[in-house]
Amino acid sequence: MKLLLQEIRRNPLLWLLAFVPVVFAVAKLKPEAHTLLFVLSVLAIVPLTVLLSHATESVAAKTGDAVGGLLNATLGNLAELVIALAALRAGQYMLVKASIAGPIVTNTLFILGASFLLGGLKHHVQEYNRVGAHLQAALLFLATVALLVPSVISKADSTAGGFTEKLSLGLAVLLIASYGLGMLFSLKTHRELFASMPHAEAGETPWPVGLAVTTLVGVTVVVALVSEIFVESVQEAAKAFGMTPAFVGFIVVALVGGASAMPTAFSGARKNRLDLSVSIALGSASQIALFVAPVLVLVSYFIGPTPMNLAFWPGAVVMMLIATLTASLVTNSGRSAWFVGVLLLMVYLIFAMTLYLLPPTGTK
């Protein structure tokens, strides 16, 4: 606890933790103040992500970058899962699907691209394990194919009642099985292929593992609670700020939901630990596509007004496919420089501008 308090005193960003009790108090006293709650929830999430970053790096120092990145991606995706579950209970399937597709694109283009850019500005050329990157890109491509099929069939064969729901249920089981087998492959049977590249630059003194794990779990729970307040206020706040529903779901929700992964990924890149950054970015995207999305399909049978399918609107499928192919292309060499990050960010900005000006048509 002493180390934690020292970190809070040392880092000015962590002083924003004062907004955490404030956002809970406002949510209790003035639940109709959507714009204020939106701003407060974003301010509260920022310092929490800094704590997650330090704790994850401390765990990664003991377990290796691959496991550390996986842990960060898993805990970080809990925020996206909470946002999606809240929307699922309300029957907002457009927002649920946007909270699936958006983080996939955000992780593969924005977080990976910003990591390459920030690391490349400090280091001339960086290297990372391309086998791990290729595995995550291949899993992402598999998931994109699984999302593409029901999206196409639902338009071409709309007369078959319940066909899309049955297909989506079967695909959900296959995707979860693929994710489990991928974990077995990378962490057990062939883990020697996924060893991190050596890095000479030393980081800050890591926390003890007990403190780091306790912080990870505790902060993740708080992030999930703040994220629930965020999702309840974001739609009304978006109207006040003039943002379209598609832009909110695909960009804003994805950025806030994935905020916990960003500091660790960016800090790892600056410290020449690009394996950690790549593992967080692509690992989080593949986990959402192969685990979170199918779990939401299964859970919708119990908490949703109707079962949710995996038929996405065409624009979302195209963006996910392009993001996956782009990530596969730029990670082919296992080397990176700052301009590679710029290219990824430009693709992301093209998508963001498109969604802001021309929102896609939602599908059920």
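Refer to the structure presented above.
In short, a report on the structure. (Residues numbered from 1 in each chain as written. Predicted model: local features only at pLDDT ≥ 70, side-chain atom pairs only at ≥ 80, totals over all residues. Heavy atoms only, no water.)

## A closer look at the packing of aromatic side chains
Ring pairs (aromatic) are described by centroid distance and by the angle formed between their planes.
Okay, step 1: In this structure the tally under the stated criterion is eight aromatic pairs.
Okay, step 2: Consider the rings of Phe116 and Tyr128, whose centres lie 5.8 Å apart with planes at 25 degrees: the pair is stacked. Pair noted here: Phe116 is in helix H5 (residues 93–122) and Tyr128 is in the loop between strand S1 (126–127) and helix H6 (130–156), with a separation of 12 residues, a long-range link.
Okay, step 3: Tyr128 gets classed as buried once you look at its relative accessible area, which sits at 3%.
Okay, step 4: Here Phe312 and Trp313 contribute two aromatic rings whose centre-to-centre distance is 6.4 Å and whose plane-to-plane angle is 40 degrees, an arrangement assigned as tilted.
Okay, step 5: By relative accessible area, which is 2% here, Phe312 ends up buried. (Phe/Tyr/Trp six-rings, centres within 6.5 Å; stacked < 30°, edge-to-face > 60°. Helix = DSSP H or I, 4+ residues; strand = E, 2+ residues; numbered from the N terminus. Buried < 20%, exposed > 50% of the residue type's maximum accessible area, 1.4 Å probe, protein only.)

## Comments concerning the packing of H5 against helix H13 (residues 338–357)
Okay, step 1: Relative orientation of the contacting elements H5 and H13 amounts to 150 degrees, with a least axis distance of 7 Å. Taken together, the axis directions place H5 and H13 in an arrangement best described as roughly antiparallel. Like other packed secondary-structure pairs, H5 and H13 cross with a definite hand, here left-handed. Of the residues in H13, those touching H5 at Val105, Thr106, Thr108, Leu109, Phe110, Leu112, Gly113, Ala114, Phe116, Leu117, Gly120 and Leu121 are Trp338, Val340, Gly341, Val342, Leu344, Leu345, Val347, Tyr348 and Phe351.
Okay, step 2: In terms of residue class, the contact of H5 with H13 is built from 16 nonpolar, five polar and no charged. (Axes fitted to C-alpha atoms, helices over the stretch in contact; angles between N-to-C directions. Parallel < 35°, antiparallel > 145°, perpendicular 65-115°, else oblique. Left-handed = near helix turned anticlockwise from the far one by under 90°. Contact = heavy atoms within 4.5 Å. Nonpolar A, V, L, I, M, F, W, Y, C, P; charged D, E, K, R; others polar.)

## Regarding H5
Okay, step 1: For H5, built from 30 residues, the straight-helix expectation of 44 Å at 1.5 Å per residue is met to within 8% by its first-to-last C-alpha distance of 42 Å.
Okay, step 2: At Thr106, H5 shows its maximal kink, close to 35 degrees.
Okay, step 3: When you tally the buried positions in H5, you get 25 out of 30 residues, the bulk of the element. (Expected span 1.5 Å × (residues − 1). Bend = angle between axes of the 7 residues up to and from the residue.)

## A short note on unusual backbone geometry
Okay, step 1: Look at Asn272: it is not a glycine, yet its phi comes out positive at around 65 degrees.
Okay, step 2: The residue Asn272 is located in the loop between helix H10 (262–270) and helix H11 (274–303) in this model.

## With respect to the packing of H5 against helix H9 (residues 245–257)
Okay, step 1: Where H5 contacts H9, the two axes come as close as 7 Å, and the packing angle between them is 65 degrees. Between H5 and H9 lies a crossing whose hand is right-handed. Contact with H5, carried on its side by Leu95, Ala98, Ser99, Ala101, Gly102, Pro103, Val105, Thr106 and Phe110, involves Gly249, Phe250, Val253, Ala254 and Leu255 of H9 and no other residues of that element.
Okay, step 2: Partitioning the contact of H5 with H9 into residue classes produces 10 nonpolar, four polar and no charged.

## Focus on the nonpolar core
Okay, step 1: Judged by nonpolar contacts, the single largest core of 106 residues is most densely connected at Val96, Ile100, Val105, Phe250 and Phe312.
Okay, step 2: Excluding residues within four positions of it along the chain, Phe250 makes contact with Ala98, Ala101, Gly102, Val105, Thr106, Trp313, Ala316, Met319 and Leu355. (Core = buried A, V, L, I, M, F, W, Y, C linked by side-chain atoms within 4.5 Å.)

## Comments concerning the environment of Met94
Okay, step 1: Checked against the element boundaries, Met94 lands in helix H5.
Okay, step 2: Given the relative accessible area of 27%, Met94 is considered partly exposed.
Okay, step 3: Between the alpha carbons of Met94 and Gly249 there is a distance of 8.2 Å; along the sequence they are 155 residues apart.

## Side note on the side chain of Lys97
Okay, step 1: Along the chain, Lys97 turns up in helix H5.
Okay, step 2: Despite its burial, Lys97 pairs with no opposite charge; the closest candidate is Glu165, at 7.8 Å N-O.
Okay, step 3: Only 2.9 Å separates the side chain of Lys97 from the side chain of Asn309, close enough to count as a polar contact. (Lys, Arg positive; Asp, Glu negative; His and termini not counted. Salt bridge = Lys/Arg side-chain N within 4 Å of Asp/Glu carboxyl O. Polar contact = N/O pair within 3.5 Å; in protein donor to acceptor, adjacent residues only side chain to side chain.)

## A few points about the side chain of Ser115
Okay, step 1: Following the sequence through the fold, Ser115 ends up in helix H5.
Okay, step 2: Among all residues touching Ser115, those that are not within four sequence positions of it are Ala265, Phe266, Ala269, Leu274 and Ser277.

## What about a nonpolar patch on the surface?
Okay, step 1: The grouping of Phe24, Val209, Val213, Val217, Val221 and Leu225 at the surface amounts to a nonpolar patch, some 460 Å² of accessible area in total.
Okay, step 2: Considering every element that reaches the nonpolar patch, the biggest residue donor is helix H8 (residues 209–241), with five residues.
Okay, step 3: A residue is classified by how much of its surface remains accessible, and Val209, at 38% relative accessible area, is partly exposed. (Patch = residues over 30% accessible without salt bridge, like charges linked within 9 Å, V, L, I, M, F, W, Y side chains within 5 Å. Areas by Shrake-Rupley, 256 points an atom, 1.4 Å probe, with all protein chains shown as cover.)

## Description of the environment of Val253
Okay, step 1: Note that Val253 resides in helix H9.
Okay, step 2: Linking Val253 and Leu95, residues 158 residues apart in sequence, is a C-alpha distance of 9.1 Å.

## What about helix H12 (residues 314–330)?
Okay, step 1: Compared with an ideal rise of 1.5 Å per residue, which puts 17 residues at 24 Å, H12 spans 24 Å between its outermost C-alpha atoms and is within 8% of the ideal.
Okay, step 2: Regarding H12, the residues found buried are Ala316, Val317, Met319, Met320, Ala323, Thr324, Thr326, Ala327 and Val330.

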